[in-house]
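Observations on the model geometry
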Amino acid sequence: MTYTHTHSHDHDMSHHNHDTLVDGLIDQYQVDYITNHSGFLNDGEIDVYVDPSLHPKVKDFTERLVRRVNEVTETDIILNNNKSESDVLLHEVENYNDRPGFEEALGLQYWENGKSNATWTEEVGEPSYNRKGKARVSRFTKYVISHEFFHSLGLAHPFGLGAHPKFNSDDTVMSYNPGNLGGFKGYPMTHNDLEALA
């Protein structure tokens, strides 16, 4: 399966002279919007809502991801069960047919009603099952959820190019190019991602 994600604020930064990949992961447009958007950081925290209707394994991974990012960065990211009070909404969608130009995407971050929506399709969010019928969250699903969540926190594709030829998912979860989809302590994020978030 090919991961076709498009981001509404992707910029071609490939010609800019950045010293490190970490510099090339920061989406200044998104960071400025988060910083200046009325209400987003009004309490000094980023409140994150995880849709309770997600498959229990996917919901558990997503909540652990939010807690882990909060632990390893200097960002105050708080799980909030109240959707109306939250800044970031993590949830599945059936598809993106209502978003012209993004119909083939498997994940998408977008702003709606003053909230950042980090989303993925139901197909991506469907757990896989082992031979004994036990559900598990695939590495690809973890990758897509992390990728979209990190867009919500101000990260971009490497130097504005999801398929930048010099980077893959071993370098950053923000790359479309597959690596082994391993990552940081069981999560698909890398040290570059965490440094960019700090």
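Throughout what follows, the structure given in this document is the object of discussion. From a predicted model like this one, the values you see are computed outputs, not experimental measurements.

1. Things to note about the overall build of the protein
Looking only at helices and strands, one finds 6 helices and 7 strands in the protein. When the helices and strands of the protein are listed from N to C terminus, the series reads α-α-β-α-β-β-β-β-α-β-β-α-α. Burial status across the protein gives 50% buried among its 198 residues. Across the protein, the fraction of contacts at a sequence separation of at least 24, relative to all contacts at a separation of at least 6, is 67%.

2. Quick notes on the side chain of H164
For H164, the location among the structural elements is in the loop between α5 (139-152) and α6 (191-197). If we skip the residues at most four places from it in the chain, H164 touches P158, F159 and N177.

3. Quick word on the nonpolar core
One finds V48, V69, L90, F149 and F150 to be the most contacted residues of the largest nonpolar core, which totals 35 residues. For this core, the elements supplying multiple residues, two or more each, are α1 (21-24), β1 (46-50), α3 (56-72), β3 (88-93), β5 (115-121), α5 and α6. Setting aside residues no more than four positions away along its own chain, F149 makes contact with V48, L65, V66, V69, I77, V88, L90 and A118. Formed by 6 residues, the second largest nonpolar core is a distinct cluster that contains V93, Y96, F102 and L108.

4. Here we look at the packing of aromatic side chains
Scanning the entire structure with this criterion turns up 3 aromatic pairs. The residue whose ring lies beneath R99 is Y110, and the NZ or CZ to ring-centre distance is 3.6 Å.

5. Regarding α3
Between its first and last C-alpha atoms α3 spans 24 Å; for 17 residues at 1.5 Å apiece the expected length is 24 Å, and the two agree. Within α3, burial applies to V58, F61, T62, E63, L65, V66, R68 and V69.

6. Structural notes on the pairing of β3
The element β3 is extensively covered by neighbouring structure, given that 5 of its 6 residues are classed as buried. Bridge count between β1 and β3: 3 bridges; the pairing is parallel. Residue pairing across strands places V48 opposite V88, the latter belonging to β3. Here β3 pairs with β5 via 6 bridges, running parallel. Its bridge partner lying in β5, L89 is registered against N117.

7. Focus: unusual backbone geometry
Even without a glycine there, the phi angle at N113 is positive, about 55°. Tracing the backbone shows N113 in the loop between β4 (107-112) and β5. Phi at F159 takes a positive value of approximately 50°, unusual for a residue other than glycine. Structurally, F159 is set in the loop between α5 and α6. Residue F159 is classed as buried on the basis of its relative accessible area of 10%.

8. Notes on the sheet that holds β3
Reading across the sheet, the 5 strands line up as β2-β1-β3-β5-β4 and stay open at both edges, with mixed pairing between neighbours. At either margin of the open sheet sits one strand with a lone partner, and together these are β2 (77-79) and β4. The sheet shows a mean angle of 25° between the axes of neighbouring strands, direction not considered. Contacting β1, β2, β3 and β5, α3 crosses the sheet at an angle of about 150° to β2. Where α5 meets the sheet, it contacts β1, β2, β3, β4 and β5, and its direction lies at approximately 165° from that of β5.

9. Some details on the side chain of T172
Along the chain, T172 falls in the loop between α5 and α6. Here the side chain of T172 touches D193 through a polar contact of 2.4 Å, side chain to side chain. Beyond its immediate chain neighbours, meaning those up to four positions away, T172 contacts L21, L25, P158, T190 and D193.

10. Examining the environment of V88
Tracing the chain through its elements places V88 in strand β3. Distance from V88 to Q109, taken between C-alpha atoms, is 9.9 Å for residues 21 residues apart in sequence.

Parameters and conventions
- Residues numbered from 1 in each chain as written.
- Predicted model: local features only at pLDDT ≥ 70, side-chain atom pairs only at ≥ 80, totals over all residues.
- Heavy atoms only, no water.
- Helix = DSSP H or I, 4+ residues; strand = E, 2+ residues; numbered from the N terminus.
- Buried < 20%, exposed > 50% of the residue type's maximum accessible area, 1.4 Å probe, protein only.
- Contact = heavy atoms within 4.5 Å.
- Core = buried A, V, L, I, M, F, W, Y, C linked by side-chain atoms within 4.5 Å.
- Phe/Tyr/Trp six-rings, centres within 6.5 Å; stacked < 30°, edge-to-face > 60°.
- Lys NZ or Arg CZ within 6 Å of the ring centre and 35° of its normal.
- Expected span 1.5 Å × (residues − 1).
- Pairing = 2+ DSSP bridges.
- Axes fitted to C-alpha atoms, helices over the stretch in contact; angles between N-to-C directions.
- Polar contact = N/O pair within 3.5 Å; in protein donor to acceptor, adjacent residues only side chain to side chain.

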